[in-house]
Amino acid sequence: MVRRHNLMFYIFVFLWCTLTSNPISLAGNPPESSEPIETLEVIEVTGTTVTKTSITYSFPLPSFNHSGTPTTFHHLAVPDLHFVDLPQQPLPRILLDQIGTTRGRKTGVKPLKTERPLYPRMAREQGWQGKVVLRTQITADGIVRNAIVQESSGFSLLDESAVQSVKTWLFEPAKNGEFAVASTVDLPIRFDLLQ
């Protein structure tokens with residue numbers, strides 16, 4: 001009888017603590033939220049116009065000696081390829097305090113280590129310029145997990161230069177209360193030519 005009362009007491013205390021404490025949830029893959037995606041400040045990449053110069057190269061033509069026996073090639077058999085689907089490891093589930101959401105204590109992403117993208121020479125020769133917006137996924141560690149072109153500059157060479165550069169950047173991650181969380185931001189990069 002005493003054990004039954006103790007068990008009921010512990011159940012009561014557990015339920016009371018659960019209902020009156022701050023909301024806590026499990027964090028796995030960040031759910032698609034209806035919150036607007038934050039847009040960071042525009043990164044300016046400037047370059048100077050390069051004039052195209054034509055260069056003429058002359059090479060002596062090689063001479064071939066056709067006398068001799070033809071070369072025979074022995075081909076190796078191509079092995080059969082078998083593709084194996086490896087099981088996906090689930091992400092670890094951690095406790096996440098929702099106090100940042102409920103009390104408005106959320107902070108955004110801040111760039112820490114950034115290198116301006118290269119302005120490709122061919123783009124400068126052609127006079128290409130424009131703004132590309134990259135949809136960038138940043139982990140809770142501040143590392144860029146993925147960067148894709150959300151709005152193109154109109155030139156794939158400029159878009160690719162921006163994507164390759166941003167993948168090496170480091171950020172101070174967004175925070176929900178005191179917890180660093182993964183986030184998605186739009187990062188605009190403008191390529192401008194100086195005349």
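The following refers to the structure shown. From a predicted model like this one, the values you see are computed outputs, not experimental measurements.

**Looking at the overall build of the protein**
Phase 1: Along the protein, the regular secondary structure elements total four helices and twelve strands.
Phase 2: Counting over 195 residues, the protein shows a buried share of 25%.
Phase 3: Of all intrachain contacts in the protein linking residues separated by at least 6 positions in sequence, the fraction that spans at least 24 positions is 81%.
Phase 4: For the protein, the accessible area works out to roughly 15,700 Å², and carbon and sulfur atoms hold 59% of it.

**Details of the pairing of strand β7 (residues 130-138)**
Phase 1: Of the pairings in the sheet, the one linking β7 to strand β12 (residues 183-194) comprises nine bridges and is antiparallel in character. Along β12, the bridge assignment pairs Ile-138 with Ser-183.
Phase 2: With six bridges connecting them, β7 and strand β8 (residues 144-151) associate as antiparallel partners. Bridged to Thr-136 within β8 is Ala-147.

**What about the sheet that holds strand β10 (residues 174-176)?**
Neighbouring strands of a sheet are bound in pairs by backbone hydrogen bonds; such pairs are parallel or else antiparallel.
Phase 1: Taken together, the three strands give an open sheet; going across it, the order is β5-β10-β11, and neighbouring strands pair in antiparallel fashion. Pairing within the sheet leaves two strands with one partner each, and these edge strands are β5 (106-107) and β11 (179-181).

About the thresholds
- Residues numbered from 1 in each chain as written.
- Predicted model: local features only at pLDDT ≥ 70, side-chain atom pairs only at ≥ 80, totals over all residues.
- Heavy atoms only, no water.
- Helix = DSSP H or I, 4+ residues; strand = E, 2+ residues; numbered from the N terminus.
- Buried < 20%, exposed > 50% of the residue type's maximum accessible area, 1.4 Å probe, protein only.
- Contact = heavy atoms within 4.5 Å.
- Areas by Shrake-Rupley, 256 points an atom, 1.4 Å probe, with all protein chains shown as cover.
- Pairing = 2+ DSSP bridges.

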